[in-house]
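Here's the letter readout for the chains.
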Protein chains: 2
Amino acid sequence: MTYSICVIGGTGAEGSGLALRWAKHGHRVTIGSRDGAKAQAGADELNGILGRDALRGLESAEGVAAADIAVLTVPFAAQRSTVEGLKEVLAGKILIDVTVPLAPPKVSRVQLPPSDSCVVAIQDMLGESVRVVSAFQNVSAHKLKHLDYEIDCDVLVTSDDKDARQIAIGLAADAGLRGVDAGPLANSVVAESLTSALIWINRIYKVPDAGIRITGLPVAG
Amino acid sequence: MTYSICVIGGTGAEGSGLALRWAKHGHRVTIGSRDGAKAQAGADELNGILGRDALRGLESAEGVAAADIAVLTVPFAAQRSTVEGLKEVLAGKILIDVTVPLAPPKVSRVQLPPSDSCVVAIQDMLGESVRVVSAFQNVSAHKLKHLDYEIDCDVLVTSDDKDARQIAIGLAADAGLRGVDAGPLANSVVAESLTSALIWINRIYKVPDAGIRITGLPVAG
């Protein structure tokens, strides 16, 4: 199954890596940004890596309106205002939120927002018309851009909608990653807090990209 | 280095498994319980598995008073009252807290306490005289009792005291597990929330003991 996907904030490191991998797999991908010209420049760069004219850039509202699935990859500070501005065009769609609630400068210390999970707060704001999924918080952004790189990290996928979880698990696979069904959206706290611990581990152990694997599953990671 | 360790709640599944593995390694281990006779019965059972008279059972306050390190393995509902009752004897010692803030009946759903991390709340209550460490929340209890079983799960170790973190990482190794320095005590949220996600994963994937591994470290797990 192929989807039309708009990656909001897709000019950033995490978003562009996911967009690139999904476009390579055959999904119809747009880069969304507040600035349409910047979005198109980001898409052009990714098309250059792919060697074909697969992606295009759009102002986010336009990109989301034309997509089946929106993927949110903006900094935590911009998460809520970005979603508020897209609320109408998101109605009826799936929103995969990649946001990690980092609180600079202490990004290696878990500092959860009042709602515990920042994605749960987005689902509450959007209401039931949008099926919100949390995923991809723990994947090293710079590795995504190397298409032949095997990323040794699972993707914890949470949502209150079972079908949306399955679609996101499929999209993880299409990006070369193993998605794991980790339960209701409230369990997104695990992925949202884990990134700070991984940043700590990177520093302490002097490694570039610590990740996680779920062990004990029937299918190897 | 060998330590004198009192495992509070050591008659339970998680505590008895850790006590058994540490006693086998050569640490001096006592089983602590509110009921001294029950503690001794638990110790006798473990001595039977070990085939030698290594552990003894004591009322918790007595066991902690005689120990270098206390390890708390009681249900979340009993965590705070247990620590309050032991506050005086804990002074000057290391407390390794294994508590997972599960809120029955929905144990596969993350439901953090108001303090986010239940262990942070214990450190705040005890003050600086006790070095609190969080560890061992994600290790399958029933596997610990099988001494020859290689457990495919890392132990996330957090504390605001670096030396205490290192000691707990050493104790993980002595129990046959890899401990990973995951940062300040606030990062205990990761391990405390992860257990609910693992319970969910066990149910959905029909596996007995999902766990986690940190990837990308210089030393293999």
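Residues numbered from 1 in each chain as written. Chains lettered and ligands numbered in written order. Predicted model: local features only at pLDDT ≥ 70, side-chain atom pairs only at ≥ 80, totals over all residues. Heavy atoms only, no water.

This paragraph deals with the overall build of chain A. Secondary structure assignment for chain A yields 8 helices and 9 strands. Its C-alpha atoms give chain A a radius of gyration of 16 Å, near enough to 17 Å, the size a compact globule of 221 residues would have. Counting only C-alpha atoms, chain A reaches 40 × 40 × 40 Å along its principal axes. A buried classification covers 61% of the 221 residues belonging to chain A. In the structure as shown, chain A presents an accessible area of about 8,800 Å², 52% of it carried by carbon and sulfur atoms. Separation between the mean location of the 21 positive side-chain charges and that of the 25 negative ones in chain A comes to 5 Å. (Helix = DSSP H or I, 4+ residues; strand = E, 2+ residues; numbered from the N terminus. Rg over C-alpha atoms; globule rule 2.2 N^0.38 Å. Buried < 20%, exposed > 50% of the residue type's maximum accessible area, 1.4 Å probe, protein only. Areas by Shrake-Rupley, 256 points an atom, 1.4 Å probe, with all protein chains shown as cover. Lys, Arg positive; Asp, Glu negative; His and termini not counted. Charge placed at Lys NZ, Arg CZ, Asp CG, Glu CD.)

Right, let's talk about the pattern of salt bridges for a bit. All names here are of chain A. If you walk through the whole model with that rule in mind, you get 16 salt bridges over all chains. Note that Arg213 is salt-bridged to Asp154, the shortest N-O span being 2.5 Å. Of this pair, Arg213 sits in strand S9 (residues 211-215) while Asp154 sits in strand S7 (residues 154-159), and the two are 59 residues apart along the sequence. The same class applies to Arg213 and to Asp154, which are both buried. In this structure, a network of salt bridges that share partners links the residues Asp152, Asp154, Arg178 and Arg213. (Salt bridge = Lys/Arg side-chain N within 4 Å of Asp/Glu carboxyl O.)

Quick look at the sheet that holds strand S8 (residues 178-181) of chain A now. Residue and element names in this part refer to chain A. An order of S3-S2-S1-S4-S5-S6-S7-S8 is seen for the 8 strands of this open sheet, with the pairing classed as mixed. Two strands lie at the open edges of the sheet, namely strand S3 (56-59) and S8, each paired on one side alone. On average, adjacent strands in this sheet sit at an angle of 30° to one another, irrespective of strand direction. (Pairing = 2+ DSSP bridges. Axes fitted to C-alpha atoms, helices over the stretch in contact; angles between N-to-C directions.)

What follows concerns the sheet that holds strand S6 (residues 131-134) of chain B. All names here are of chain B. Read across the open sheet, the 8 strands follow the order S3-S2-S1-S4-S5-S6-S7-S8; overall the sheet is mixed. The sheet is open, and its two edges are formed by strand S3 (56-59) and strand S8 (178-183), each paired on a single side. Shown here is a sheet whose adjacent strand axes are inclined to one another by a mean of 30°, direction ignored. Against the sheet, helix H2 (residues 36-50) makes contact with strand S2 (28-33) and S3, and its axis sits at roughly 165° relative to S3, the strand it touches most. (Contact = heavy atoms within 4.5 Å.)

Our next topic: the nonpolar core. In terms of nonpolar packing, the biggest core is built from 110 residues, with Trp22, Ile96 and Phe136 of chain A together with Trp22, Ile96 and Phe136 of chain B touching the most fellow members. Other than its neighbours up to four places away in sequence, Phe136 of chain A contacts Glu14, Leu18, Trp22, Ile96, Val98, Val155, Leu156, Ala168, Leu171, Ala172 and Leu177 of chain A. (Core = buried A, V, L, I, M, F, W, Y, C linked by side-chain atoms within 4.5 Å.)

This part takes up the interface of chain B and chain A. Tallying the contact residues gives 38 residues for chain B and 38 residues for chain A. Summed over the three residues of chain B that lose the most area to chain A, namely Trp200, Tyr205 and Thr215 of chain B, the buried surface amounts to 19% of that side. For the pair chain B and chain A, the interface holds 0 salt bridges. The interface formed by chain B and chain A contains 13 residue pairs in polar contact (both at pLDDT 80 or more). Listed by contribution, the elements that provide at least two residues to the side of chain B that touches chain A are helix H7 (162-174), S8, helix H8 (188-205) and strand S9 (211-215) of chain B. (Buried area = accessible area lost by both parts, 1.4 Å probe. Polar contact = N/O pair within 3.5 Å; in protein donor to acceptor, adjacent residues only side chain to side chain.)

What follows is about the pairing of strand S4 (residues 69-72) of chain A. Residue and element names in this part refer to chain A. With burial as the criterion, each face of S4 is covered, one bearing Ile69 and Val71 and the other bearing Ala70 and Leu72. Here strand S1 (residues 4-8) pairs with S4 via 4 bridges, running parallel. The residue bridging Ile8 from the neighbouring strand is Leu72, located in S4. Bridge analysis of S4 against strand S5 (residues 94-97) gives 4 bridges, and the strand direction is parallel. Bridge pairing in S5 places Ile69 opposite Ile94. At this point the chain moves from S4, through helix H4 (residues 76-90), to the parallel S5, and the crossover so formed is right-handed. (Right-handed = clockwise from strand over helix to strand, strands pointing away.)

Attention now goes to the relation of the copies chain B and chain A. For these two chains of identical sequence, chain B goes onto chain A by a turn of 180° and a shift of 0.0 Å along the axis, with RMSD 0.0 Å. The superposition of one copy onto the other is thereby described by a two-fold rotation axis. Interface residue correspondence from chain B to chain A reaches 100%, placing this contact among same-surface, isologous pairings. (Least-squares fit on C-alpha atoms with pLDDT ≥ 70 in both.)

Turning our attention to the confidence of the model for chain A. Atom-level detail of predicted coordinates should not be read off regions where pLDDT is low. For chain A, the mean per-residue pLDDT works out to 96, and 99% of the residues sit at or above 70. Overall fold confidence for the complex sits at a pTM of 0.97, while the interface term, ipTM, reaches 0.96. (pLDDT = per-residue confidence, 0-100.)

The subject of this paragraph is the packing of helix H4 (residues 76-90) of chain B against helix H5 (residues 118-126) of chain B. All names here are of chain B. Axis separation between H4 and H5 bottoms out at 10 Å; the angle between their running directions is 25°. Here H4 is positioned roughly parallel relative to H5, judged by the angle of their axes. With respect to the hand of their crossing, H4 and H5 are arranged in right-handed fashion. For the pair H4 and H5, the contacting residues are Phe76, Gln79, Arg80, Val83, Glu84, Lys87 and Leu90 in the first and Cys118, Val119, Ala121, Ile122, Met125 and Leu126 in the second. When the residues that make up the contact of H4 with H5 are grouped by side-chain class, the tally is 9 nonpolar, 1 polar and 3 charged. (Parallel < 35°, antiparallel > 145°, perpendicular 65-115°, else oblique. Left-handed = near helix turned anticlockwise from the far one by under 90°. Nonpolar A, V, L, I, M, F, W, Y, C, P; charged D, E, K, R; others polar.)

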